[in-house]
Protein chains: 2
Amino acid sequence: MAKANTSAPGGFPEFTPAQQRVVQHWKKTIGEVFEKHGFPLLETPLVERAENFVAKGGNPKEIYVLDRLLREEAVDQDKDQRAIRFDHTVPLALFVARHFNELSFPFRRSVIGPVMRGERQQKGRFRQFDQCDIDVIGSENLSLANDAQMVAIIVEIFEKLMPEQKFIVRINNRKIISGQAKAGGATPKEIWEITDNREKTGQKKYEQEIAKAIKNKEVFSIFSDKVISEIDKARKKRDWEKYLELLENSLGKLHEECKAGLGELRKVIAYLDSMKIDREKYDLDPFVARGLDYYTGTVFETHLVGSEDLGSICSGGRYDDLAQIFTGKQLPGVGISIGLTRLLWQLFDAKILTPEQATSSEVIVLSRSPEVLPRSLEIAQKLRSKNIPTEVYLEPKKIQKQFAYAQKMGIPARVIVGDDVVVETEDPGLEKKINSLL
Amino acid sequence: MAKANTSAPGGFPEFTPAQQRVVQHWKKTIGEVFEKHGFPLLETPLVERAENFVAKGGNPKEIYVLDRLLREEAVDQDKDQRAIRFDHTVPLALFVARHFNELSFPFRRSVIGPVMRGERQQKGRFRQFDQCDIDVIGSENLSLANDAQMVAIIVEIFEKLMPEQKFIVRINNRKIISGQAKAGGATPKEIWEITDNREKTGQKKYEQEIAKAIKNKEVFSIFSDKVISEIDKARKKRDWEKYLELLENSLGKLHEECKAGLGELRKVIAYLDSMKIDREKYDLDPFVARGLDYYTGTVFETHLVGSEDLGSICSGGRYDDLAQIFTGKQLPGVGISIGLTRLLWQLFDAKILTPEQATSSEVIVLSRSPEVLPRSLEIAQKLRSKNIPTEVYLEPKKIQKQFAYAQKMGIPARVIVGDDVVVETEDPGLEKKINSLL
């Protein structure tokens, strides 16, 4: 018999047991912060009608659809194709459309789970990956305090997950860029794109492309080197009042939309102050535009300080229209998304995170002889009853073999049962806790 | 423009936000108990090679495979079909095969997540559903203490999830039935099936079918009514020593395999006693056989007392061969599985569970006027910093509208901010906690 090909299909990633501890810890922490801020986890099916994905801009070459391995009859395969979600936003829009009359608005939900895209295979790109999203959807208007809350949530998540790592949330408002574009006779989309590319292309190329795009040059001005250096000074001092003033005075003839954007930004900062979010945790950046078409106001991205080459690790923004084509209503929203699988893959690859423990157990109980196993089982149950994750080495093996297993799994504490019971760990708190239960 | 068909594809279930609170609570609790017992969550891809599913008994008519909505070129579609997992056992076998040399044995893992089966549509049957599984895999032998631990885990999970609900884990050992079958010249499989059906068909039909299947009648005996009534007495008294003695004396000529099965059962009970598992929580049942072919020793099923018609809510057993066709090695294991989606659907449908809260927030902060919103935001952040899930009604709406939202969402506590701050809740503990932070 030919040996089975058991390899994982390309692009469908698999973390090691040790890496999985990190994945699970991140998912748990992210989910807890989401729920603590009023965004309950809400799972929707992996599958929706393909036509709805296409209607919302999905790429038919990358959308996976379900067929059966053996199809009995040619059922209505084309009319009713089941497609796997490629993000969490379209399923959210469909959920809202389906349950509009039962839901309370503002409607908040979080989701942590897999999506699939049939992308070309390359290092660090996956065809199945976990995204962690939250969104709040209003039925008419939606307070800018919601935008500020997104920043508070990002800050809390990464403070919890990477307490040693400096990170920064960069905030801007797209209306400022759109207003400038409109004043200059260009389309907002082209100016967003040029702005979004500035970090890659550099200031010079940025200026050339802006000059090319702008028709109405007399009412338009881009920031001079002098203004940029003043803006940078205000940013370093976290003097957002000065920052807004500089922008207001340097944008040429202020289009209404610029004014609106500046006003929104001012409110978001005021709410962040009310929430006592440390100004060191975020930055205002006039060049943040984000790639996606549908953002209309506040936009966010998040960078690890010193590892900016990883790109944004958490992004999002305000949108005016979640699901008009599904609901017939214009529903405003604001949301953020963490591309968890890709991010953790990068952090493992760059050795920014190095997982050490291959299991969830904090304690392993070892038995010097098979006769003491009942005692070991009893001890383990006692520790579990106090919520200490505990496993027992159940096989009748030599104690050396049991120690080797415990070490390979990276379990922080060992309870060795023989004529007496010995606790071994480098964690004094855990040692005390275990001893108090024995 | 024709209105989009936004309905969910048939068989892909969607719970309401309130039901989702229960789903999430169950997943979290089940995952915590799994991990507390040394079974770390380990996610494997949703997708594997279709040929491997077929090799392990998957039904090609029910296996979903991935195609692309728009295929650019006829790539190696047939040779390398990507199929969606239909259970968690085959993916576990493939994971073990792929990583055999890196893993430490006994290898434990848990998984909570979706699988898909293209079943015929009917009430309470789904094409995507969550299964919660744990398995422990040995490299050679595997102590029967593992089987006992499965029972301890089932008991802990349902005590936590349904503290008011009586449930019972029914335990048997298939070797007892296999040994009888062999002594009587029948195949174990046919006797398992007849035994498994007894609850549906009744004792009379069971006896007829057994009589038909058994060739070597002189060495075979089924339990007489008298023995069954004695067995039932022992079961009621939880006198497992008596139970085993009755079986031993009533099974006709004791085949070696019967003896082995009885011995295993005796050991499992001894381990359960060591773990101080209340004998009231489980039952020995000579007619439990379970449907799946691959079980070889201990088998479990779990029933809600008074709702036995729901069927088993958590089942599992011991198997000798997880993945020989993938690994070339005979790896013994024992595992259990909870069909979460189906179970919760049944519990909602039968009104055994009635979800009340539509969000994760324990507290909502309401503002008597838009001016006090900054104060509301500050209070919410303070409550969150003490891990109290809190949301703020952020929109500038009349207070009545805010109350109506809070009530519709079923949030247990309200903090109303105006000239003063008022706490309203029927939970005195929560009230105290909130007041201490204001």
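Within every chain, residues take consecutive numbers counted from 1 along the sequence as written. Chains and ligands are labelled by the order in which they are written, letters from A for the one and numbers from 1 for the other. Thresholds applied to this predicted model are a pLDDT of at least 70 for local features of residues and 80 or more for the giving and counting of side-chain atom pairs; totals over whole chains, interfaces and linings are not thresholded and use all residues. With hydrogens and water excluded, all non-hydrogen atoms of the structure serve as input to the side-chain values.

**A closer look at the relation of the copies chain A and chain B**
Okay, so step 1: Copies are brought into register by a least-squares superposition over C-alpha atoms of residues with pLDDT of at least 70 in both. The two copies are related by a screw operation: chain A maps onto chain B through 180° of rotation and 0.0 Å of translation along the axis, at an RMSD of 0.1 Å. Each copy turns onto its partner about a two-fold axis. The rotation axis passes nearest to the C-alpha of Leu66 of chain A in chain A, at a distance of 2.5 Å.
Okay, so step 2: An overlap of 100% is found between the interface residues of chain A and their copies at the interface of chain B, pointing to a shared contact surface. Note on contacts: a residue pair qualifies if any of its non-hydrogen atoms lie within 4.5 Å across the two residues.

**Some remarks on the interface of chain A and chain B**
Okay, so step 1: Listed by partner, the interface residues are 108 residues for chain A and 108 residues for chain B.
Okay, so step 2: Counting the surface lost from both chain A and chain B, the interface buries some 9,300 Å², and carbon and sulfur atoms represent 54% of this.
Okay, so step 3: Between Lys or Arg on one side and Asp or Glu on the other, a salt bridge is scored when a side-chain nitrogen of the former is within 4 Å of a carboxyl oxygen of the latter. At the junction of chain A with chain B, the criterion picks out 12 salt bridges.
Okay, so step 4: Of the charged contacts, one joins Lys276 of chain A and Glu378 of chain B as a salt bridge, the two residues approaching to 3.6 Å between their closest N and O atoms.
Okay, so step 5: Put simply, DSSP H or I for four residues or longer makes a helix, DSSP E for two residues or longer makes a strand, and each gets a number counted from the N terminus. Looking at the side of chain A that touches chain B element by element, the count peaks at seven residues for helix 1 (residues 17–36) of chain A.
Okay, so step 6: Residues were grouped as follows: Ala, Val, Leu, Ile, Met, Phe, Trp, Tyr, Cys and Pro as nonpolar; Asp, Glu, Lys and Arg as charged; and all remaining residues, including Gly, as polar. In the side of chain A that touches chain B, the residues fall into 53 nonpolar, 26 polar and 29 charged.
Okay, so step 7: Only strands joined by at least two bridges in the DSSP assignment are considered to pair. Two strands pair when backbone bridges link them, and strand 2 (residues 64–68) of chain A and strand 2 (residues 64–68) of chain B are joined in this way by five bridges, in the antiparallel orientation. Looking across to strand 2 of chain B, one finds that Asp67 of chain A is bridged to Val65 of chain B. For any pair of parts, buried area is found by adding up, for both, the accessible area (1.4 Å probe) each one loses once the two are put together.

**Some words on the state of the cysteines**
Residue and element names in this part refer to chain B.
Okay, so step 1: Any pair of cysteine sulfurs within 2.5 Å is marked as a disulfide. Applying the stated criterion across every chain, the model contains zero disulfides over all chains.
Okay, so step 2: Cys132 carries a free sulfur, and the closest cysteine sulfur to it, the one in Cys314, is 8.9 Å from it.
Okay, so step 3: Judged by its relative accessible area of 0%, Cys132 falls in the buried class. Here's how the labels work: a residue is buried when its accessible area is under 20% of the maximum for its type, exposed when over 50%, partly exposed in between, all with a 1.4 Å probe on protein chains only.

**Topic: the environment of Glu426 of chain B**
Okay, so step 1: Note on placement: Glu426 of chain B falls in the loop between strand 14 (421–425) and helix 15 (428–437).
Okay, so step 2: Measuring from C-alpha to C-alpha, the distance between Glu426 of chain B and Pro412 of chain B comes to 7.3 Å, with 14 residues separating the pair along the chain.

**What to know about the packing of helix 1 (residues 17–36) of chain B against helix 12 (residues 340–349) of chain B**
Residue and element names in this part refer to chain B.
Okay, so step 1: Throughout, an axis means a line fitted to C-alpha atoms (over the contacting stretch in the case of helices), and angles, computed between N-to-C directions, take values from 0 to 180 degrees. As a packed pair, helix 1 and helix 12 sit with axes 11 Å apart at the nearest point and diverge in direction by 135°. On the basis of the axis angle, helix 1 is oblique to helix 12. Relative to helix 12, the crossing made by helix 1 is right-handed. Counted together, Gln19, Val22, Val23, Trp26, Lys27 and Ile30 of helix 1 and Leu340, Leu343, Leu344, Leu347 and Phe348 of helix 12 form the full contact between these two elements.
Okay, so step 2: For the contact of helix 1 with helix 12, the residue count by class is nine nonpolar, one polar and one charged. We call two directions roughly parallel when the angle between them is under 35 degrees, roughly antiparallel when it is over 145, roughly perpendicular when it lies between 65 and 115, and oblique otherwise. Left-handed describes a crossing in which the near helix is turned anticlockwise from the far one by less than a right angle; the clockwise case is right-handed.

**Side note on the sheet that holds strand 11 (residues 363–367) of chain A**
Residue and element names in this part refer to chain A.
Okay, so step 1: An order of 12-11-13-14 is seen for the four strands of this open sheet, with the pairing classed as mixed. Whereas interior strands pair on both sides, the edge strands pair on one side only; in this sheet they are strand 12 (390–392) and strand 14 (421–425). Within the sheet, the average angular offset between the axes of one strand and its neighbour, ignoring direction, is 20°.
Okay, so step 2: For strand 13 (residues 413–417) and strand 14, the ladder comprises five bridges, and the chain directions are antiparallel. Residue pairing across strands places Ile416 opposite Val422, the latter belonging to strand 14.
Okay, so step 3: Sitting on the sheet, helix 14 (residues 399–409) is in contact with strand 11, strand 12, strand 13 and strand 14, with an inclination near 170° to strand 11.
Okay, so step 4: On the sheet, helix 15 (residues 428–437) packs against strand 11, strand 13 and strand 14 and is oriented at approximately 160° with respect to strand 14.

Any functional reading would require information that these geometric values do not contain.
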